[in-house]
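Secondary and tertiary structure notes
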Amino acid sequence: MKLNFSNYFRSRKILISLALRNLRQHRSKSLIIASIMSISVYVLIVGLTTINTIESGINKAFIDYFTGDVFIRANADYKYSLLGIQSPGGLEDNPVLPEYTKIFNYIEAHPSVKSATPYITGAARLSFENQGKEGQRGGSFLIGIDGATYYDSFESKIVEGTGILPDQRGVVLSKSNRAEIQDYLDVEINIGDPVTLYGFGNGGFAIRTVPLVGVFEFVQGKKEKNYLGFIDGDTFKDLKGLYYVNEPLNISEDKIDLLDVDLSDDAFIDDFFSDDVADAQNTLDSELNLEIERELEDSSIVFDQIWEFLVIHLDDPRFARGFIRDVNKWLDEQGIDASAGDWKAAAYPMSTMADAIRIIFMIVVGIVFCIAVMIVINTLVVSVLERTPEIGTMRALGAQKSFVKRLFNYEIFFLSLFSGLTGLILAFLTIFIIRLCKIESTNGLTFVLYSGNYLNPIASFSSIFGPFITIMIAGFVANIYPLHLASGVAPVVAMREK
Amino acid sequence: MSIIKLDKVVKNYKLGSTEVRAVKGVSFEINKADFISIAGPSGSGKSTILNMIGCIDTPTDGSVIINGIDTNNLGDKALTSLRHKELGFIFQSFNLIPVLNVYENIEFPLLLAKRKSLGISKAEQADWVSYLIEEVGLTNWKKHRSNELSGGQRQRVAIARALVTRPSIVLADEPTANLDSSTGEVIINLMKKINRDLGTTFIFSTHDSTIVNIADHVIRLHDGEVAENYKRTE
Ligand SMILES: Nc1ncnc2c1ncn2[C@@H]1O[C@H](COP(=O)(O)OP(=O)(O)OP(=O)(O)O)[C@@H](O)[C@H]1O
Ligand SMILES: [Mg+2]
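Residues numbered from 1 in each chain as written. Chains lettered and ligands numbered in written order. Predicted model: local features only at pLDDT ≥ 70, side-chain atom pairs only at ≥ 80, totals over all residues. Heavy atoms only, no water.

**Concerning the overall build of chain B**
Summing up its helical and strand segments, chain B has eight helices and ten strands in all. Rg of the C-alpha trace for chain B: 18 Å, near the compact-globule value of 17 Å for 234 residues, within the 12% margin. Reported as C-alpha extents along the three principal axes, the dimensions of chain B are approximately 50 × 40 × 40 Å. Expressed as a percentage of its 234 residues, the buried residues of chain B come to 54%. (Helix = DSSP H or I, 4+ residues; strand = E, 2+ residues; numbered from the N terminus. Rg over C-alpha atoms; globule rule 2.2 N^0.38 Å. Buried < 20%, exposed > 50% of the residue type's maximum accessible area, 1.4 Å probe, protein only.)

Encoded structure:
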């Protein structure tokens, strides 16, 4: 059989012309299908673009302000992140990173690493003494940092005072947190004022009083609400009682007994936050600390080595995945019971917010999409049934089944193409207009969600052509059954038309 | 020489649990270039027989032979090719393709085939379509769509369309049923003229006795059987 191109184009010409004219002839049905399809494309593009924007905003905010590109933590049989334990029970504390110094030295020397700094994270209660009222506040989420390396890794964002200097003890609070505390206590809290922190960790309750050394704001000039604070790592280690972790320490019986008794007594805990008891506890704690520190000098643990996480910025964040693989391999080889993860694991579960939105969006879209496809199939079937005599006539006149199939395929192709392009253009216009409108972010949250000072939707290749290709495929899928009906029309029905 | 031969053709339709015996062993032959009328009352089997000759329906038993080819042996594809090459159709309800104008409707069957197999050039094809349009008297209506035409005009388009692939046989099932009697007569006479001009075999069914008389071979059916089969000589 010889290929005959002139014939191919000839029949294609009549098919295209017939298909386009049929679409116009049956315009009410074409319009129903086209609106369903173009709205689908529009919603998908705008939705995905919005989610992408939010996702990249969250991604950037976490990486820039909190998690870095990669983090390393100890392995544990429960799920935890920089944000703490994520299991429903959630009572355990973050485990301590084993062989911290060895890991840190390896990471620091790694050619892909830009900077690395350790963390201890967790919650603590804050209290401001001698300020009338009760002087207490609810919990804050604290990040214990190493003043010597932290500010090489993260921008300081300090708006008042200083950051935490190396070997300095102190707390840096977020501007919003301080403002709320000030409002609540009706006092002014200035740099240098003492902050008393109550912690609960491996060693039981602990109390420390350190000065407020600075105030920070992630996004300057925008209202943001968070209960974050930074604290020097050493004080946080005291609060969390991290000395008890790695090796059994030989601490005199009576002191441990005292702690145990305190803890088991609920009534005492209520009193615990009164200033008198706090002072008493402070003295007790410092006595205990002295003893612990003496013990530590004897033991193999070096105080500086106790950290929960190592947070790493890479020269090129795009290679995070490969870097994580390398580091995990190395940790494995070294027999260190720790592993590296990406920012998503580091900020779990908050990092999965965009994923959750995306999943919910996709489920809703999926359901709506199925309904839409059903309506399209139904409309196409009705159209085939209506045109049965016409199809029969073409078949009687010598049109093969394949001709009928091609005709209907062309019709759905043009309809999907037209609808897809319409949806795409409308979505583009919407995104363009949103960009033109320069919707300003008014607070820290919208600053993150908008990916910057203005709502700046990011239309990616896949968020645009994904929906477009999806609708083209959906069109062909919706057409399978109607096509089957159409090509099955017997030529004899041409005779039955009355 | 016979161009169509029916041999003991039976057609039964299943209608639920009962069987309708529409054609009960019909045999006849039709000669090339004849102008044949298949007559008979309603329900006598005229359409059923025309459909089988037209290869758009298959006999339950017996054989239909077109141009020496036994249609029982052909599949859908081959039957479709045979229809395209050898047969033209004129329908009771005209069956024009609504989105095409007069010229395009007539040209349509030509576009279903490779031009090579038709053996004509583009120019020849255009000339041929224009000739047919002139022949059926629609030169001024070329660009009109079917919904702008009268019934008689539509049937003229259908006649031209049936002839465009130069088939050896044109089948017309009650071509005048939807037309008033004078228009019907004009249409039949037009068919007769083309039959003489081009030598195409025409087979039409009707229960209008005045039209039957224009035919030179009449096959009269009654209750699925041939009641009368005669040729008229002028
Ligand atoms: N598709 C079908 N299913 C069942 N029975 C059918 C079918 N087509 C025709 N018949 C029956 O077969 C018989 C012959 O029908 P046919 O249409 O061939 O008659 P006809 O001579 O063309 O009649 P008319 O003049 O009314 O067109 C009738 O009894 C009819 O009811
Ligand atoms: Mg009939």
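From this point, the narrative continues.
**Notes on the site of ligand 1**
The environment of ligand 1 is formed by 15 residues, the closest being S42, G43, K46, S47 and T48 of chain B. Near ligand 1, residues from chains A and B are present, making the site a shared one. The backbone of S44 of chain B places a nitrogen or oxygen atom 3.2 Å from an oxygen atom of ligand 1. Here T48 of chain B contributes a side-chain N or O atom positioned 2.5 Å from an oxygen atom of ligand 1. Taken by itself ligand 1 offers 630 Å² of open surface, and the protein chains cover 68% of this. Of all the elements in the fold, those that place two or more residues in the shell around ligand 1 are β1 (2-15), β2 (18-31) and α1 (46-53) of chain B. Grouping the amino acids of the shell around ligand 1 by side-chain chemistry returns five nonpolar, seven polar and three charged. (Near = heavy atom within 4 Å. Polar contact = N/O pair within 3.5 Å; in protein donor to acceptor, adjacent residues only side chain to side chain. Areas by Shrake-Rupley, 256 points an atom, 1.4 Å probe, with all protein chains shown as cover. Nonpolar A, V, L, I, M, F, W, Y, C, P; charged D, E, K, R; others polar.)

**Focus on the environment of S81 of chain B**
You can see S81 of chain B is positioned in helix α2 (residues 76-86). Residues S81 of chain B and A113 of chain B lie 32 residues apart in sequence; the distance between their C-alpha atoms is 9.1 Å.

**Remarks on the pattern of salt bridges**
When the charged atoms of two side chains lie near each other, side chains of opposite charge can form a pair. Tallied over the entire structure, the rule returns 23 salt bridges over all chains. Residues R169 of chain A and D238 of chain A are paired through a salt bridge, measuring 2.8 Å at the closest nitrogen-oxygen approach. With R169 of chain A in the loop between β6 (158-161) and β7 (171-174) and D238 of chain A in helix α6 (residues 233-240), the pair connects residues that are 69 residues apart, well separated along the chain. Residue R169 of chain A is classed as partly exposed on the basis of its relative accessible area of 35%. For D238 of chain A, a relative accessible area of 6% corresponds to the buried category. Where K193 of chain B meets D197 of chain B, a salt bridge forms, and the shortest distance between an N and an O atom there is 3.0 Å. You can see K193 of chain B and its partner D197 of chain B sitting in helix α7 (residues 181-198), four residues apart, about one turn around the helix. Among the residues examined, K193 of chain B registers a relative accessible area of 36% and is labelled partly exposed. Residue D197 of chain B is classed as partly exposed on the basis of its relative accessible area, which comes to 44%. What emerges from the salt-bridge pattern is a single network uniting E55, K344, D355 and R358 of chain A. (Salt bridge = Lys/Arg side-chain N within 4 Å of Asp/Glu carboxyl O.)

**Overview of the packing of aromatic side chains**
Residue and element names in this part refer to chain A. One pass over the structure, following the stated rule, counts 23 aromatic pairs over all chains. Where Y150 meets Y151, the ring centres are 4.9 Å apart and the plane angle is 85°; that geometry is what we call edge-to-face. Ring geometry for F413 against F414: centres 5.4 Å apart, planes inclined by 65°, an arrangement best described as edge-to-face. By relative accessible area, which is 29% here, F413 ends up partly exposed. (Phe/Tyr/Trp six-rings, centres within 6.5 Å; stacked < 30°, edge-to-face > 60°.)

**Quick look at the interface of chain B and chain A**
Counting from both sides, the interface comprises 34 residues of chain B and, opposite them, 29 residues of chain A. Taken over both partners, the interface formed by chain B and chain A buries close to 3000 Å², and the fraction arising from carbon and sulfur atoms is 57%. For the pair chain B and chain A, the number of links is two salt bridges. In this structure, R21 of chain A engages E104 of chain B in a salt bridge whose closest nitrogen and oxygen atoms are separated by 2.6 Å. Put simply, chain B and chain A have ten residue pairs in polar contact (both at pLDDT 80 or more) between them. Secondary structure elements with two or more residues in the side of chain B that touches chain A: α2, α3 (102-111) and α4 (115-118) of chain B. Ranked by residues supplied to the side of chain B that touches chain A, first place goes to α2 of chain B with six residues. Residue classes in the side of chain B that touches chain A are distributed as 14 nonpolar, nine polar and eleven charged. (Contact = heavy atoms within 4.5 Å. Buried area = accessible area lost by both parts, 1.4 Å probe.)

**A word on the confidence of the model for chain B**
Parts of the model with low pLDDT should not have their predicted coordinates read in detail. Across chain B, the average pLDDT comes to 91, with 99% of residues at 70 or higher. As a predicted assembly, this complex carries a pTM of 0.78 together with an ipTM value of 0.94. (pLDDT = per-residue confidence, 0-100.)

**So, the pairing of strand β1 (residues 70-74) of chain A**
The side chains of a regular strand alternate between the sheet's two faces. Residue and element names in this part refer to chain A. Along β1, five of the five residues are buried, which leaves the element largely enclosed by surrounding structure. Residue alternation in β1 divides its side chains into two sets, V70, I72 and A74 and F71 and R73, and both sets are buried. Bridge count for β1 against strand β12 (residues 338-342) is five bridges, and the pairing is antiparallel. Residue pairing in the sheet places F71 in a bridge with G341 of β12. (Pairing = 2+ DSSP bridges.)

**A word on the pairing of β1 of chain B**
Residue and element names in this part refer to chain B. Note that β1 and β2 share eleven bridges and pair antiparallel. Following the sheet pairing, Y13 is matched in β2 by V20. Between β1 and β2, which pair antiparallel and follow one another directly, the connecting turn spans two residues, one of which, G16, has a positive phi of 70°.

**A closer look at the sheet that holds β1 of chain B**
All names here are of chain B. With antiparallel pairing, four strands are arranged side by side in an open sheet as β2-β1-β4-β5. Both edges of this open sheet fall to β2 and β5 (69-70), since each of them pairs with a single strand only. Inspection of the sheet shows β1 paired to strand β4 (residues 61-66) by five bridges, in the antiparallel sense. For V10, the partnering residue across the bridge sits in β4 and is D61.

**Quick word on the packing of helix α2 (residues 27-67) of chain A against helix α14 (residues 401-437) of chain A**
Residue and element names in this part refer to chain A. Contact geometry of α2 with α14 gives a least axis separation of 7 Å together with a crossing angle of 40°. Relative to α14, the element α2 is oriented oblique. As α2 packs across α14, the resulting crossing turns out to be right-handed. Packed against α2, whose contacting residues are S30, I33, A34, M37, S38, V41, Y42, I45, V46 and T49, the element α14 presents L415, S416, F418, S419, G420, T422, G423, L424, L426, A427, T430 and I431 at the interface. Within the contact of α2 with α14, the residues separate by chemical class into 13 nonpolar, nine polar and no charged. (Axes fitted to C-alpha atoms, helices over the stretch in contact; angles between N-to-C directions. Parallel < 35°, antiparallel > 145°, perpendicular 65-115°, else oblique. Left-handed = near helix turned anticlockwise from the far one by under 90°.)

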